[in-house]
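Here is what each chain is made of, one letter per residue.
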Amino acid sequence: MPSPDIKPGSPCWIDLITSDAAKAREFYGGLFGWQFQSGDQELYGGYTTASRNGKMVAGIMQKQEDQAGFPDMWSTYLCTDDAAATAALVAANGGQVYMEPMDVPAQGVMAMFGDPSGASVGAWQRREMRGYEIAGEPGTPAWHELHAKDYQGAVTFYEKVFGWQTSVMSDAPEFRYTTLGSGETAQAGIMDASGYLPNEVPSHWQVYFAVEDTDAAVEGALTMGGSLLDGPADSDFGRVAQLADPMGGVFKVISSPSA
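What counts, and where the lines are drawn
- Residues numbered from 1 in each chain as written.
- Predicted model: local features only at pLDDT ≥ 70, side-chain atom pairs only at ≥ 80, totals over all residues.
- Heavy atoms only, no water.
- Patch = residues over 30% accessible without salt bridge, like charges linked within 9 Å, V, L, I, M, F, W, Y side chains within 5 Å.
- Areas by Shrake-Rupley, 256 points an atom, 1.4 Å probe, with all protein chains shown as cover.
- Salt bridge = Lys/Arg side-chain N within 4 Å of Asp/Glu carboxyl O.
- Helix = DSSP H or I, 4+ residues; strand = E, 2+ residues; numbered from the N terminus.
- Buried < 20%, exposed > 50% of the residue type's maximum accessible area, 1.4 Å probe, protein only.
- Pairing = 2+ DSSP bridges.
- Axes fitted to C-alpha atoms, helices over the stretch in contact; angles between N-to-C directions.
- Contact = heavy atoms within 4.5 Å.
- 1 Å grid on protein atoms, 1.4 Å probe; cavity = no way out; pocket = protein on both sides within 12 Å on 5 of 7 lines; lining within 4 Å.
- Points joined across faces, edges and corners; volume = space filled by probe spheres on them.
- Phe/Tyr/Trp six-rings, centres within 6.5 Å; stacked < 30°, edge-to-face > 60°.

Side chains of M169, F175 and F237 sit close together on the surface and give an oily, nonpolar patch of about 300 Å² of accessible area. Within the element layout of this structure, M169 appears in strand 10 (residues 166-172). For M169, a relative accessible area of 40% translates into the label partly exposed.

Now for the sheet that holds strand 12 (residues 188-192). Pairing in this open sheet of eight strands is mixed, and the strands run 10-11-12-9-13-16-15-14 from one edge to the other. Each edge of the open sheet is held by one strand with a lone partner, namely strand 10 and strand 14 (227-235). Across this sheet, the average inter-strand angle for adjacent strands is 20°, counted without regard to direction. By the bridge criterion, four bridges tie strand 9 (residues 141-148) to strand 12 in an arrangement that is parallel. Note that in strand 12 the partner of E145 across the bridge is G189. Across the sheet, helix 1 (residues 21-32) lies against strand 13 (204-210), strand 15 (238-244) and strand 16 (250-255), angled at about 5° from strand 16, the strand it touches most. Across the sheet, helix 4 (residues 151-162) is in contact with strand 9, strand 10, strand 11 (175-180), strand 12 and strand 13; its angle to strand 12 comes to roughly 155°.

This paragraph deals with the layout of surface pockets. When its volume is computed, the second largest pocket comes out at roughly 1,400 Å³. If you go around the second largest pocket, you meet 48 residues; those closest to its centre are A142, W143, A186, F237 and I254. Sorting the residues of the lining of the second largest pocket by element identifies strand 9, strand 10, strand 11, strand 13, strand 14, strand 15 and strand 16 as the ones contributing at least two each. Take the lining of the second largest pocket: its biggest share by element is six residues, from strand 9.

The full count for this structure, using the stated rule, is 20 aromatic pairs. Ring centres of F32 and F209 lie 4.8 Å apart, and the angle between their planes is 35°; this geometry places the pair in the tilted category. Of this pair, F32 sits in helix 1 while F209 sits in strand 13; the two residues are 177 residues apart in sequence, bridging distant segments of the chain. Judged by its relative accessible area of 2%, F32 falls in the buried class. Both rings, one in Y158 and one in W164, keep their centres 5.1 Å apart while their planes meet at 35°; by these two values the pair is tilted. The exposure class of Y158 is buried, given its relative accessible area of 0%. Overall, the relative accessible area of 4% leaves W164 in the buried class.

With that settled, the discussion passes to the sheet that holds strand 6 (residues 96-104). One open sheet holds the eight strands; their spatial order is 2-3-4-1-5-8-7-6, and the pairing between them is mixed. At either margin of the open sheet sits one strand with a lone partner, and together these are strand 2 (35-38) and strand 6. For this sheet the average axis-to-axis angle between neighbouring strands, irrespective of direction, equals 25°. Its contacts with the sheet put helix 4 on strand 5 (73-79), strand 7 (108-114) and strand 8 (120-126), and the angle it makes with strand 5 is roughly 45°.

Moving on, we get to the pairing of strand 9. Of all eight residues in strand 9, seven are buried, a share of seventy percent or more. Pairing analysis gives six bridges linking strand 9 to strand 13, with the strands arranged antiparallel. Pairing of L146 across the sheet is with W205, part of strand 13.

Below, the structure is given as C-alpha cells:
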C-alpha cells in the first residue's frame, strides 16, 4: 500500500501515554503484530516507536510522575507546517494550548492543544520523522474520529486552525457527522456527541485500527487482559468494536465489510 497522503491538517501520528509501557508493548505487539524500538533516554525520554512490517505506525510513552492523575489514552496528531503559528491560531479561535511547541531533536516539533469542545489533539511539524508510514492495513491506523459535545464549534475550529476542507456526511438530528475530505478520500471525522456522552466524559478523539477479523481481534484482546467496551457490531464501513487495553487505554478496531 502506498504511504499515507499526509498534508497540513491531516492526521499524521498517534501515540499512547500509558501507566505500564512494558505491558502495553506486550499487548499491542500481540494484538497487531507490532515490533518496537526505544529512543535515546536522554534525548527522547525512552519514547518507543511501534512498527509493522518495518514501517512506523505509532508511539508509546510511559507516563511521567506529573501525569499520574491522567487516564491512559491514545492521542491523534495533525500535521502542521508551523507549530508556533498553529498555537497562535488555537488561542485565537477558542482553544487552549496545553503544551507549547516543543522541539524534538532532529525529528520535528510537537504541541498539544485543547479544542473548544474540550478534546485534546496534538500537532506535529515534521522534519526527519514524517509521521506514520502505513495506514489502512491490518495492525495500522484506519480512522480518526472526534466525539464532540460542541459539534459546530469543533467543526469551525478545525476549519480555521488546521485548514480543514470539510464535507457534511449527515445532518440529521440523531446523527450529525462531518469529515475532513469526502468519500473515499476522507481522513477523519467529527461526530455530534452531545446526545450520548455523559457529563463526566469529555469530548475526545478516538483511534480506529484496521484488523482482518474484528471478532478474532476482540477474542485476542480479551485473552491478553483487555476489555470489551462496545460491540462488535456491523456498520456501513465495516465491523467495529471498542476495546480497552489492560491499563484502560481505549481504542477501536474495524474490519472491512467484506471480512
